[in-house]
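Observations on chain architecture
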Amino acid sequence: FVNGVASASGALLLRYFLAVMLKVVTPFQLLEISRPDHPLLQMILRNAPGTYQHSLQVANLAERAAEAIGADALLTRVGALFHDVGKAVNPNAFIENQLPGQENPHDTTDPYTSAEWVLQHVTDGLQIARKYRIPPRIQDFIREHHGTLLTRYQYSKALQAAGNDPAKVDIEKFRYPGPPPQSRETTLIMFADGCEARARAELPTTEEHLRNLVKEQIQFYRNEGQLDNTDFTFRELSLVVESFVSTLKSTHHLRIKYPKIHNQTHAEITEKTLSKQEAKS
């Protein structure tokens, strides 16, 4: 009995230290840091509530897709929860944290400064993750979820300001530091991040429109070389598309617009009732 208890205790301790040495995250660690009351998740919720909700949507999308292709679903979900943690440093620079009618600071800022704000959320996220001792494997999601893509909105504004002459624009000032995704799990976060944001912006009204949106977004990442270090098969990409369409359909389904009906308030009904009683008396 003593040997059994000692062996189990030794195995758990050894597993923890080996995970740290080999930079492998265990299911116990993933479950621990994904608890809603984790200090870092609470910090995101307080400082950037829109980003927190966006991360939950990305987590739902990516987790189901990971299950469909046999990737690590738990790792994918937890990575999605933390992938945008850097936005909590400057939340108003990101549209999901801006109130309706609030002026977008990017509209009145030069494109180079605007791009710097956006790009900074990756480096800020890594610093925060290290401060809160988030495992290196989860930090990969922060580092890789935008790969080496451009901040296209800011780059387009810079081109317009330069008379559409690419030679007058330093394109590297608008590029994420990367690297491109190195695993299927981090790639799924890139896919889910882009598809969720685009679906929220375009509000597709039909399933076919939604499917084309997802396909176009994934094809864009392929054309940009962001899948070069992963081993996705065409069948797996098809499964990802169908999983995303299924999840997004339930998230962005149409709602009935109810007509306005003028109803008497409780106070009005009470007043009329009292008036009738007084009249009878």
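Everything in this summary refers to the structure shown in the same document. (Residues numbered from 1 in each chain as written. Predicted model: local features only at pLDDT ≥ 70, side-chain atom pairs only at ≥ 80, totals over all residues. Heavy atoms only, no water.)

Some details on the side chain of Gln154
To be explicit about the condition: Working definition: helices are DSSP H or I runs of at least four residues, strands are E runs of at least two. Numbering for both runs from the N terminus. Working rule for contacts: check all heavy atoms of both residues, and any pair within 4.5 Å makes them a contact.
Looking at where Gln154 falls in the secondary structure, it is placed in helix α8 (residues 152-161). With sequence-adjacent residues up to four places away left out, Gln154 is seen in contact with His106, Pro111, Ser114, Ala115, Val118 and Phe174.

As for a nonpolar patch on the surface
The criterion, for reference: Two joining distances apply to patches: 9 Å for like charges and 5 Å for nonpolar side chains (Val, Leu, Ile, Met, Phe, Trp, Tyr), and every residue must have over 30% relative accessible area and no salt bridge. All accessible-area figures derive from a Shrake-Rupley calculation using a 1.4 Å probe, and residue coverage is judged against the displayed protein chains alone. Put simply, a salt bridge is a Lys or Arg side-chain nitrogen that is within 4 Å of an Asp or Glu carboxyl oxygen.
A grouping of Leu14, Leu18, Met21, Leu22 and Val24 is seen on the molecular surface, where their side chains present a nonpolar patch of about 520 Å² in accessible area. Structurally, the position occupied by Leu14 is in helix α1 (residues 2-22).

Focus on the pattern of salt bridges
Oppositely charged side chains are able to pair whenever their charged atoms sit close together. One pass over the structure, following the stated rule, counts 16 salt bridges. For the salt bridge of Arg77 with Glu63, the shortest nitrogen-to-oxygen distance reads 3.0 Å. Taken together, the residues span a long stretch of sequence, with Arg77 in helix α5 (residues 73-82) and Glu63 in helix α4 (residues 49-69) at a distance of 14 residues. In this structure, the salt-bridge partner of Lys87 is Glu96, at a minimum N-O distance of 3.0 Å. Through salt bridges with shared partners, one network takes in Arg137, Asp140, Arg143 and Glu185.

Let's talk about the nonpolar core
Worth spelling out the cut-off: To define a nonpolar core, start from buried Ala, Val, Leu, Ile, Met, Phe, Trp, Tyr and Cys residues and group those joined through side-chain atoms within 4.5 Å. Throughout this description, buried means an accessible area under 20% of the type-specific maximum (1.4 Å probe, protein chains only), exposed means over 50%, and partly exposed covers the range between.
Phe82, Ile138, Leu188, Phe191, Val214, Val240 and Phe244 are the most contacted members of the largest nonpolar core, which totals 52 residues. The greatest single-element share of this core, amounting to eight residues, is contributed by α4. Excluding residues within four positions of it along the chain, Leu188 makes contact with Ala62, Ala65, Ala66, Ile69, Ala71, Thr76, Phe232, Val240 and Phe244. Counting residues in hydrophobic clusters, the runner-up holds seven residues, among them Tyr155, Ala158, Leu159 and Phe174.

A short note on the packing of aromatic side chains
Heads up, the rule is: Centre distance within 6.5 Å is the pairing criterion for rings of Phe, Tyr and Trp, where only the six-membered ring of Trp is used; planes under 30 degrees apart are then read as stacked, over 60 as edge-to-face, and the remainder as tilted. Two limits define a charge over a ring: the Lys NZ or Arg CZ must be within 6 Å of the ring centre, and within 35 degrees of the ring normal.
Counting across every chain of the model gives five aromatic pairs. A centroid spacing of 5.8 Å and a plane angle of 25° characterise the contact between Phe191 and Tyr221, whose relative ring orientation is stacked. Of this pair, Phe191 sits in helix α9 (residues 184-202) while Tyr221 sits in helix α10 (residues 207-223), and the two are 30 residues apart along the sequence. Neither Phe191 nor Tyr221 differs from the other in exposure class; each is buried. Residues Phe191 and Phe232 carry aromatic rings whose centres are separated by 5.9 Å and whose planes lie at 45° to one another, so their mutual orientation is tilted. Of the two residues, Phe191 is situated in helix α9 and Phe232 in the loop between α10 and α11 (234-251); the sequence distance between them amounts to 41 residues. Here Phe191 and Phe232 have matching classes, each one buried. Ring pairing ties together the aromatic residues Phe191, Phe220, Tyr221 and Phe232, which thus form one cluster. Geometry around Phe220 places Arg152 over its ring, the cationic atom sitting 4.4 Å from the centre.

Details of the environment of Glu63
Considered as a pair, Glu63 and Leu75 are twelve residues apart in the sequence and their alpha carbons are 8.6 Å apart. Those residues in contact with Glu63 that sit more than four places away from it in its chain are Ala73, Thr76 and Arg77.

Structural notes on the packing of helix α3 (residues 39-47) against α4
The criterion, for reference: Axis lines are fitted to C-alpha atoms, over the contacting stretch for helices. Their N-to-C directions set the angle, which ranges from 0 to 180 degrees. Any angle that falls under 35 degrees is termed roughly parallel, while one over 145 is termed roughly antiparallel, one within 65 to 115 roughly perpendicular, and all others oblique. Residues are grouped as follows: Ala, Val, Leu, Ile, Met, Phe, Trp, Tyr, Cys and Pro are nonpolar; Asp, Glu, Lys and Arg are charged; all remaining types, including Gly, are polar.
Direction vectors running N to C along α3 and α4 enclose 120°, while the axes themselves pass 5 Å from each other. The orientation of α3 with respect to α4, classified from their angle, is oblique. Facing α3, whose interface residues are Leu41, Ile44, Leu45, Arg46 and Asn47, α4 presents Pro49, Thr51 and Tyr52. Tallied by class, residues from the contact of α3 with α4 come to five nonpolar, two polar and one charged.

Brief notes about α9
For clarity, the cut-off: Here the expected span of a helix is defined as 1.5 Å times the quantity of residues minus one.
For α9, with 19 residues, the first-to-last C-alpha span of 27 Å sits near the 27 Å given by 1.5 Å per residue. Across the 19 residues of α9, 14 count as buried, placing the element largely inside the fold.

What about the environment of His146?
Topologically, His146 is positioned in the loop between α7 (136-144) and α8. Given a relative accessible area of 16%, His146 falls into the buried group. For the pair His146 and Phe191, spaced 45 residues apart in sequence, the C-alpha to C-alpha distance is 9.5 Å. Those residues in contact with His146 that lie beyond four places of it in its chain are His121, Tyr176, Met190, Asp193 and Gln226.

What to know about the packing of α5 against α7
For the record, the criterion: Each crossing gets its handedness from the near helix: less than a right angle anticlockwise from the far helix is left-handed, clockwise is right-handed.
Here α5 crosses α7 at 55°, and the two axes come no closer than 9 Å. With respect to their mutual orientation, α5 and α7 come out oblique. In this structure, α5 crosses over α7, and the sense of that crossing is right-handed. Residue-level inspection shows Leu75, Thr76, Val78, Gly79 and Phe82 of α5 in contact with α7, the latter providing Arg137, Ile138, Phe141 and Ile142. Of the residues belonging to the contact of α5 with α7, the class tally is six nonpolar, two polar and one charged.

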